[in-house]
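Chain residues, written in single-letter form:
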Amino acid sequence: MSGDGDNGARAAGTAGDEPRDIGGAAGEGTNAAGGAGSGGPGSGGPGNGARGKGARGDGAPGDDVRGGGASGGAAGDAAGATDTGTAARLQKLFEGHRLTPTQRRIAHCMVRRAADAPFLSSVELAELAGVSQPSVTRFAVALGFDGYPALRRHLREVAPTDRSGDTGSANEYQQAVQAEIDNLRRLAAAFADPSPVIEAGRLLAASRPLPVLGLRAATAQAAGFSYFARKVHPDVRLLDEGGTMLTDRIDAAVRAGADALLCFALPRHPREVVDALDYARTAGLTVVTVADSAFAPVAHHTDLLLPAPVGTGLAFDTACAPMLLGRVLLEAMCDALPDAQARLEQFDAGAAARGLFVE
């Protein structure tokens, strides 16, 4: 951990501003990152993040998987790097365009299927995204192309075309692990520009108290962050229950001096989270959000968006990348807290005196 940080840094976004993010386009969010198939056919049923096996609109088992077991290791590494680069190029292509909610759903699907995007027909892409084929055509035109064939030609020109990786040798569980590895690669690529995470760390360190919001599937992420953050931050308040008390607790944090709120938002996105973020911004808080995508429904309700993809290969979503991003945020926050190391040492001394741990 480094020394004193600029705790006074603030996000420039105000209500209505486009959120900044790492590794993704900014803009108004939709339920693109909700159930599988981005809200179209094959969406997960009731229950946060649930995915019906064999009915994933954003890709059947085997998508983005390269090589299973030891024999597929080298191929998996190479393909993962290829997928990461393709996803980054797609994100860059979408940046700066004002897309409709339907078009953002298509964009989200293409990023999730980055390796296959240059080879999908308009009908296939429409089915995967849960939209109509004419919507895919209008999406291509919105990006400045004459039509979808021109967009696909462009993607083939700028993206590697080697699809020879072995996608059939891994079982369902290996595929899910490989998909998470690919998600972590994308997150690592996003950290090529660490400035958004550094700024977020400064915002969180400066807020006294620091409210941390996470409902339903995101509760575990918010609770884990809060547990560790309390060791270095003097006042962390976990907001993990919805209902009418949620706004009361946001009000209480504002009255106590809070000026920033951290939110973990994962699919399926509860409406309460969107409403709470709107309320928090109206109350004067700067909102930092860890979400599964730059196209998530919370994007337009956030001042600083930090996307980290989730895995959808199993019956329930896997969130290794959002969890790791939370730990990176903790590191950035520690770097901005001049007394963080002293607090950690004080905790360790107290834990040793009490015999708290068995190690």
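Above this note sits the structure.
Conventions used here
- Residues numbered from 1 in each chain as written.
- Predicted model: local features only at pLDDT ≥ 70, side-chain atom pairs only at ≥ 80, totals over all residues.
- Heavy atoms only, no water.
- Phe/Tyr/Trp six-rings, centres within 6.5 Å; stacked < 30°, edge-to-face > 60°.
- Lys NZ or Arg CZ within 6 Å of the ring centre and 35° of its normal.
- Core = buried A, V, L, I, M, F, W, Y, C linked by side-chain atoms within 4.5 Å.
- Buried < 20%, exposed > 50% of the residue type's maximum accessible area, 1.4 Å probe, protein only.
- Helix = DSSP H or I, 4+ residues; strand = E, 2+ residues; numbered from the N terminus.
- Contact = heavy atoms within 4.5 Å.
- Pairing = 2+ DSSP bridges.
- Right-handed = clockwise from strand over helix to strand, strands pointing away.
- Salt bridge = Lys/Arg side-chain N within 4 Å of Asp/Glu carboxyl O.

1. Focus on the packing of aromatic side chains
Two measures describe an aromatic ring pair: the distance that separates the ring centres and the angle between the ring planes.
Next up, step 1: In this structure the tally under the stated criterion is four aromatic pairs.
Next up, step 2: With a centroid separation of 4.9 Å and an interplanar angle of 80 degrees, the aromatic rings of Tyr227 and Phe228 are classed as edge-to-face.
Next up, step 3: Taken together, Phe94, Phe139 and Phe295 form an aromatic cluster joined through their ring pairs.
Next up, step 4: Above the face of the Phe347 ring, Lys231 is positioned so that its terminal group lies 3.7 Å from the ring centre.

2. Points about the nonpolar core
Next up, step 1: In this structure, Phe225, Leu262, Leu306, Leu329 and Met333 are the most contacted members of the largest nonpolar core, which totals 34 residues.
Next up, step 2: For this core, the elements supplying multiple residues, two or more each, are helix 7 (195-206), strand 2 (210-213), helix 8 (219-229), strand 3 (236-239), strand 4 (260-265), strand 5 (286-291), strand 6 (304-307) and helix 11 (320-336).
Next up, step 3: The leading source of residues in this core is helix 11, at eight residues.
Next up, step 4: Among residues more than four places away in sequence, those in contact with Phe225 are Leu204, Leu210, Val212, Leu262, Phe264, Gly326, Arg327, Leu329, Leu330 and Met333.

3. Some points on the pairing of strand 3
Next up, step 1: In this sheet, strand 3 lies alongside strand 2 in parallel orientation, the contact comprising four bridges. Note that in strand 3 the partner of Leu210 across the bridge is Val236.
Next up, step 2: Note on the crossover from strand 2 through helix 8 to strand 3: the handedness is right-handed.

4. Structural notes on the pattern of salt bridges
Next up, step 1: Counting across every chain of the model gives five salt bridges.
Next up, step 2: Its salt-bridge partner being Asp182, residue Arg185 comes within 2.9 Å of it at the nearest N-O pair. Of the two residues, Arg185 and Asp182 both sit in helix 6 (residues 172-190), three residues apart, roughly one turn of that helix. Neither residue differs from the other here; Arg185 and Asp182 are each classed as buried.
Next up, step 3: The closest approach of N and O atoms between Arg281 and Asp303, which form a salt bridge, is 2.9 Å. Taken together, the residues span a long stretch of sequence, with Arg281 in helix 10 (residues 271-282) and Asp303 in the loop between strand 5 and strand 6 at a distance of 22 residues.
Next up, step 4: Judged by relative accessible area, which is 12%, Arg281 ranks as buried.

Interpretation in functional terms is not warranted from these geometric data alone.
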